[in-house]
Amino acid sequence: MKRILHIIGGLDRGGAESFIMNAWRNIDKTKYQFDILTFLPPQNGKKFAYEDELVSGGAKIFRIKDNRIQHPRRFENDIAAIVRENHYEIVHSHIDFMSALSLVGALKGGAKHRVAHSHNTYNKNLKSPLKALVSKILRKRLNKIATVKLACGKDAGVFLYGPNQKFTIIPNGIDFKKFQYNSDTRNKLRKKYNLGAKTRILLNVGRLEPVKNQAWLIDTFEELTKTIPDAALFIIGSGSLHEQLSSQIKSSSVDKKIFLLCSREDVYEYYSMADFFVLPSKFEGVPTVGIEAQASGLKCIFSTNVPKETKASSSVRFLSLSRPKWIKELSKKYDTTKRRNLDSDMSKFNIKNSVKKLEDVYDSF
């Protein structure tokens, strides 16, 4: 059995976390064991969203202190100690430029195979000249220390490793069956929230953080209701902006039409309930939620900050963050209960294909 130590900030719901979980659920557990090393606290202060599932499935979870900035050498040494004590030969890091530190720790601990994985296409810290310089140094170090370089898409790979580096793309695969449109689920949820069959429902799924741009979405929705009064907006996620967004919703004129829900295990059901999936992000990697929405056959509107690689069906439109453009598109008449079959381009996002590529990487060691 090959034991792989994955390094990631935490295990609450997010893009990189979803990749790890989808891979773990579908990989051959008689051949590969996933263990996790984290350094951030759970969002709810108790347990990570995926913690129980992983532990019950035999995974070990290690926690170290987040010393990346203040004491980077200590951060490396803490990782090295865990790698050394548990004899890991494969370490797979998912923390962008900071993988330069985690993989140095893996090397110190004796790991022969050090995998870097890019899940993003932008970092706000790069706006600072000093932090941009640090990132440049970390990139150079990462390219030397990583024995394998992976990315969720081309843009994400170029962002982390640079334009002239070789890397392998492993799409953020999902289980298509889980996200298939279900009319009974649609009706059940609309009844639960006292919404009619013709109510136009917008859905956004993602962390409640500035990069996801939900504040802009709330203002846009408020403007949309002037054209389409019978509408509702669901925002599903957890994060640092929860209180701020709650306050914004309460002070709006459409507070009864906006539902702010915490991250949930049954989020896949809400794709069937909705008519539009909206992602006005300021930047993304290749967002798993965007693939999930397409698998459900939803009409999708993504900001132009979302990589074009995310488009795997004809249901997607990319729009600049112009409120009139979004309102015009969201006001169009569609029969969103008639969902399309999966487009052929979706096959690359089948979790079985993604897991096969990941297994090929691990088997090459």
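Read on for a plain summary of the structure. What you are looking at is a predicted structure, and each value in this text was computed from that prediction instead of being measured.

Rules used in this analysis
- Residues numbered from 1 in each chain as written.
- Predicted model: local features only at pLDDT ≥ 70, side-chain atom pairs only at ≥ 80, totals over all residues.
- Heavy atoms only, no water.
- Buried < 20%, exposed > 50% of the residue type's maximum accessible area, 1.4 Å probe, protein only.
- Helix = DSSP H or I, 4+ residues; strand = E, 2+ residues; numbered from the N terminus.
- Contact = heavy atoms within 4.5 Å.
- Patch = residues over 30% accessible without salt bridge, like charges linked within 9 Å, V, L, I, M, F, W, Y side chains within 5 Å.
- Areas by Shrake-Rupley, 256 points an atom, 1.4 Å probe, with all protein chains shown as cover.
- Salt bridge = Lys/Arg side-chain N within 4 Å of Asp/Glu carboxyl O.
- Phe/Tyr/Trp six-rings, centres within 6.5 Å; stacked < 30°, edge-to-face > 60°.
- Pairing = 2+ DSSP bridges.
- Axes fitted to C-alpha atoms, helices over the stretch in contact; angles between N-to-C directions.
- Core = buried A, V, L, I, M, F, W, Y, C linked by side-chain atoms within 4.5 Å.
- 1 Å grid on protein atoms, 1.4 Å probe; cavity = no way out; pocket = protein on both sides within 12 Å on 5 of 7 lines; lining within 4 Å.
- Points joined across faces, edges and corners; volume = space filled by probe spheres on them.
- Nonpolar A, V, L, I, M, F, W, Y, C, P; charged D, E, K, R; others polar.
- Arc of directions from axis to C-beta.
- Polar contact = N/O pair within 3.5 Å; in protein donor to acceptor, adjacent residues only side chain to side chain.
- Right-handed = clockwise from strand over helix to strand, strands pointing away.

In this section: helix H8 (residues 214-224). Since the α-helix advances by 3.6 residues per turn, residues separated by three or four positions end up pointing in the same direction. Looking only at H8, the buried set comprises Gln-214, Trp-216, Leu-217, Ile-218, Thr-220, Phe-221 and Leu-224. Those residues of H8 hidden inside the fold are in contact with strand E8 (200-205), strand E9 (231-236), helix H9 (242-250), strand E10 (258-261), strand E11 (276-279) and helix H12 (323-330).

Together, Leu-130, Leu-133, Val-134 and Ile-137 line one region of the surface with nonpolar side chains, adding up to about 390 Å² of accessible area. Tracing the backbone through its elements, the reader meets Val-134 in helix H5 (residues 129-145). For Val-134, a relative accessible area of 40% translates into the label partly exposed.

This part is about the packing of aromatic side chains. What the rule picks out here adds up to 17 aromatic pairs. Aromatic pair Phe-39 and Phe-75: ring centres 5.4 Å apart, planes at 85 degrees, arrangement edge-to-face. You can see Phe-39 sitting in the loop between strand E2 (32-38) and helix H2 (51-56) and its partner Phe-75 sitting in helix H3 (residues 72-86), a full 36 residues away along the chain. Here Phe-39 matches Phe-75 in class, with each residue buried. For the ring pair Tyr-193 and Phe-259, a centre distance of 5.3 Å and an interplane angle of 70 degrees mean the geometry is edge-to-face. Of this pair, Tyr-193 sits in the loop between helix H7 (183-192) and E8 while Phe-259 sits in strand E10; the two residues are 66 residues apart in sequence, bridging distant segments of the chain. Phe-259 matches Tyr-193 in its accessibility class, with the two residues each being buried.

The sheet built from six strands is open, its strands ordered E10-E9-E8-E11-E12-E13 with parallel pairing. Two strands in the sheet have a free side with no partner beyond their single neighbour: E10 and strand E13 (316-319). Each strand axis lies, on average, 20 degrees off the axis of its neighbour in the sheet, ignoring direction. Relative to E9, E8 runs parallel, the two sharing six bridges. Looking at the pairing, Val-205 lines up with Ile-236 of E9.

For the rest of this paragraph, the subject is the pattern of salt bridges. In total, this model carries 16 salt bridges according to the counting rule given. Of the charged contacts in the structure, one is a salt bridge between Lys-332 and Glu-329, with a shortest N-O distance of 3.0 Å. The class for Lys-332 is partly exposed, based on a relative accessible area of 32%. Look at Glu-329 and you get buried, because its relative accessible area is 6%. One salt-bridge network, held together by shared partners, links Arg-73, Glu-76, Lys-108 and Arg-141.

Let us now look at the nonpolar core. Ranked by internal contacts, the top residues of the largest apolar core, which has 38 residues, are Tyr-193, Leu-203, Phe-234, Tyr-270, Tyr-271 and Phe-277. Elements with a minimum of two residues in this core: E8, E9, E10, helix H10 (267-273), E11, helix H11 (288-295), strand E12 (299-303) and E13. In terms of nonpolar packing, the next biggest core, distinct from the first, is built from 29 residues, Ile-7, Met-98, Ala-100 and Phe-159 among them.

Within this model, the second largest pocket holds a volume of roughly 200 Å³. Contributing to the lining of the second largest pocket are Arg-186, Ala-197, Lys-198, Thr-199, Arg-200, Ile-228, Asp-230, Asp-275, Tyr-334, Asp-335, Thr-336 and Thr-337. For the lining of the second largest pocket, the per-class residue count stands at three nonpolar, three polar and six charged.

It is worth spelling out the environment of Tyr-193 at this point. For Tyr-193, a relative accessible area of 14% translates into the label buried. C-alpha separation for the pair Tyr-193 and Phe-259, spaced 66 residues apart in sequence, amounts to 9.2 Å. Residues within four places of Tyr-193 in sequence aside, it is in contact with Phe-234, Phe-259, Leu-261, Tyr-270 and Met-273.

Below, the discussion takes up H7. Every buried residue belonging to H7 is among Thr-185, Arg-186, Leu-189 and Arg-190, and all of these are buried. The arc that holds every buried residue of H7, seen down its axis, measures 130 degrees, which confines them to one face. Among the exposed residues of H7, those oriented more than 90 degrees off its buried face are Asp-184, Lys-191 and Lys-192. Two or three places before Asp-184, at the opening of H7, Asn-182 has a side-chain oxygen 2.9 Å from that residue's backbone nitrogen. In the stretch just after H7, Asn-194 is the one whose phi turns positive, near 55 degrees.

Moving on, we get to the environment of Ile-236. Along the polypeptide, Ile-236 turns up in strand E9. If we ignore the near neighbours within four places in the chain, the residues touching Ile-236 are Leu-203, Asn-204, Val-205, Gly-206, Leu-261, Cys-262, Ser-263, Arg-264, Val-267 and Tyr-270.

This part covers the pairing of strand E4 (residues 90-93). Judged by which residues are buried, E4 turns out to be covered on both faces: Ile-90 and His-92 on one side and Val-91 and Ser-93 on the other are all buried. Where strand E1 (residues 2-7) lies against E4, four bridges are found, and the strand directions are parallel. From the neighbouring strand, Ile-7 faces E4, where its bridge partner is Ser-93. Strand direction decides the pairing type here: E4 and strand E5 (residues 113-118), joined by four bridges, are parallel. The partner of Ile-90 across the bridge, within E5, is His-113. The handedness of the E4 to E5 crossover, carried by helix H4 (residues 99-108), is right-handed.

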